Amino acid sequence: MKRNMKQWVQEVLDAPVKRAMPVLSFPAIQLMDITVRDLISSSDLQSKGMKMVADRVPAAAAVSLMDLSVEAECFGSQIRFSDDEVPTVVGALVSSAEEVDALKVPAVGAGRTGIYIESIEKAMKLIEDRPVFAGVIGPFSLAGRLMDVTEAMIYCYEEPEMVSALMEKVTEFLIAYCSAYKQVGANGVVLAEPLAGLLSPALAEEFSAPYVKKIVEAVQSDDFLVVYHNCGNAATQMIDSILDTGAAMFHFGNAISMKEMLEHIPADKIAMGNVDPARQLRNGTPASVREETLRIMGECCNHPNFVISTGCDVPPMSPWANIDAFFQAVDEFYKNK
C-alpha cells in the first residue's frame, strides 16, 4: 500500500503511545514449521511469514529479512547456509586492486535478490495496516564481506584507493537494488551498516557515510524512506557523519547506550533501539526481556522521537514467549506511564 511516509514519520513523532518496531522476521520459521533454508529460498514463504508475524504482533511496521549475505552472494561470494541460523559469507571474493577493477556489478535479480524483491511485492498485498520495509545491506558492510571483514579494516589504511573503487561499485548496485524495492511498492528499506560501527569515526566518514548518503539521495522520497541501522560500539562517536547521510530514521544496536545516543539525535528524527536480540530475545527469559525492555523505555521514552526496538534482527530460533514478552512490556510501560 502506497503511503506518504513523511506524514507517517510525523504521526509516529506526535503519538504519545508508540508501537514498537523490532527487526523481526526470521522467527516466522517457527510459526510455519520450516527451516531458514526454506525461508530464504521462497518468496511465497517470506511474504507469508511476514504476514504471520504482522498478525501476531502490534509492530509499527513490518520489516523483512536482515540477511546480510544475499547481496554478497549476488556478486559471487560463497555463502554458508544452515537450517536454523542466518546465512553467512565465507572467505574473500577480492583481495587486490586488479580484482576490484575486474569485478562486475551484478544485475538486480541475480542470485536470491529476485526472490527477495518478489517477497516484498507479495507482502505489500498481504499487509496493508502498516508500512512494509525491505532489508538491505549497507555499502561498507557489503564491501567488507567481499574483501573479508577483517582484511577490510586493514585495507582502509593500506589500500584506500582499492576500497574506494569497491565502494563505488557496491553503491551502484545498492542504489539499483533499493530502487527495485521501491518499484514493487515497498515503503522503505532498513539499510544495515553494522561493519561501519567497527571503524574509527574518521574512517567511517570516509568509507561509509558518503556512500550511504549517495544511496539516500538516489532513492528516498515522500513515499519511500531509508532507515539507517548501525549496531557497532562506536556509533555514538560517529553520529555526526551518520546524521549527515540524510536517512529518515535511525536504528542502533545494544553495544551503545540508547539514552546517551538520544542526546545527539535531532528531535525531528526517529531513533530506535536497542534490546539485545541475542542475550535477551534468543537466550533470555520472558522475565528478563520484560525487565530490560522496561529499563530502556524508562531511560529513553522522555524523548518523543524514541521508538523501542531490538538492537538488531531477532535470531530465527528466539522463543516466541520472549518475543511476546517484549511487546507485553511495551504495553505495560505505556499503561503505567
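Preceding this section is the structure that the text describes.
Read on for an overview of the structure. (Residues numbered from 1 in each chain as written. Predicted model: local features only at pLDDT ≥ 70, side-chain atom pairs only at ≥ 80, totals over all residues. Heavy atoms only, no water.)

**Notes on the overall build of the protein chain**
Scanning the protein chain from terminus to terminus reveals 17 helices and nine strands. A compact globule built from 337 residues should have a C-alpha radius of gyration of about 20 Å, and the protein chain, at 19 Å, falls within 12% of that. If you line up the protein chain on its principal axes, its C-alpha atoms span 60 × 40 × 40 Å. Looking at the protein chain as a whole, 57% of its 337 residues are labelled buried. Taking contacts inside the protein chain between residues at least 6 apart in sequence as the whole, the part at least 24 apart equals 76%. If you sum the accessible surface of the protein chain, you get close to 13,200 Å²; carbon and sulfur atoms cover 49% of it. Side chains of the protein chain carry 28 positive and 45 negative charges; the gap between the two charge centres is 7 Å. (Helix = DSSP H or I, 4+ residues; strand = E, 2+ residues; numbered from the N terminus. Rg over C-alpha atoms; globule rule 2.2 N^0.38 Å. Buried < 20%, exposed > 50% of the residue type's maximum accessible area, 1.4 Å probe, protein only. Contact = heavy atoms within 4.5 Å. Areas by Shrake-Rupley, 256 points an atom, 1.4 Å probe, with all protein chains shown as cover. Lys, Arg positive; Asp, Glu negative; His and termini not counted. Charge placed at Lys NZ, Arg CZ, Asp CG, Glu CD.)

**With respect to the pattern of salt bridges**
Counted according to the given criterion, the structure contains 14 salt bridges. The closest approach of N and O atoms between Lys-122 and Asp-44, which form a salt bridge, is 2.7 Å. You can see Lys-122 sitting in helix α7 (residues 113-126) and its partner Asp-44 sitting in helix α4 (residues 43-56), a full 78 residues away along the chain. A relative accessible area of 48% places Asp-44 in the partly exposed class. (Salt bridge = Lys/Arg side-chain N within 4 Å of Asp/Glu carboxyl O.)

**Comments concerning the side chain of Asp-313**
By the secondary structure assignment, Asp-313 is in the loop between β9 (306-310) and α17 (320-336). We note that Asp-313 is buried and unpaired, the nearest opposite charge coming from Arg-145 at a distance of 9.3 Å. Setting aside chain neighbours within four positions, we find Asp-313 in contact with Val-23, Phe-26, Met-66, Val-86 and Pro-277.

**Considerations on the environment of Val-149**
For Val-149, the location among the structural elements is in helix α9 (residues 149-158). Judged by relative accessible area, which is 32%, Val-149 ranks as partly exposed. Distance in space between the C-alpha atoms of Val-149 and Arg-130 is 35 Å, their sequence separation being 19 residues. Among all residues touching Val-149, those that are not within four sequence positions of it are Gly-144 and Leu-195.

**Quick word on the environment of Glu-193**
Structurally, Glu-193 is set in the loop between β5 (188-192) and α11 (201-207). Look at Glu-193 and you get buried, because its relative accessible area is 0%. Separated by 15 residues in sequence, Glu-193 and Ser-208 have C-alpha atoms that sit 8.2 Å apart. With residues up to four places along the chain from it excluded, the contact list for Glu-193 reads Gly-138, Pro-139, Phe-140, Ser-141, Ser-208, Val-212, Tyr-228, His-229 and Asn-230. Among the polar contacts listed, one links the side chain of Glu-193 to the backbone nitrogen of Phe-140, at a separation of 3.0 Å. Polar side-chain contacts of Glu-193 include one of 2.8 Å to the backbone nitrogen of Ser-141. (Polar contact = N/O pair within 3.5 Å; in protein donor to acceptor, adjacent residues only side chain to side chain.)

**A closer look at a negative patch on the surface**
There is a patch of like negative charges on the surface, built from Glu-98, Glu-99, Asp-101, Glu-151, Glu-158, Glu-159 and Glu-161. Within the residue set of the negative patch, elements represented by two or more residues are α6 (97-102) and α9. The dominant element in the negative patch, judged by the number of residues it contributes, is α6, at three residues. Topologically, Glu-158 is positioned in helix α9. (Patch = residues over 30% accessible without salt bridge, like charges linked within 9 Å, V, L, I, M, F, W, Y side chains within 5 Å.)

**Quick look at the sheet that holds strand β7 (residues 249-252)**
To summarise the sheet geometry, strands pair through backbone hydrogen bonds and adopt either a parallel or an antiparallel arrangement. With parallel pairing, the seven strands of this open sheet are ordered in space as β1-β4-β5-β6-β7-β8-β9. Two strands close off the open sheet at either side, each with one partner strand: β1 (62-63) and β9. Note: β5 against strand β6 (residues 225-230), five bridges, orientation parallel. In the strand pairing of β6, Ala-192 is matched with His-229. (Pairing = 2+ DSSP bridges.)

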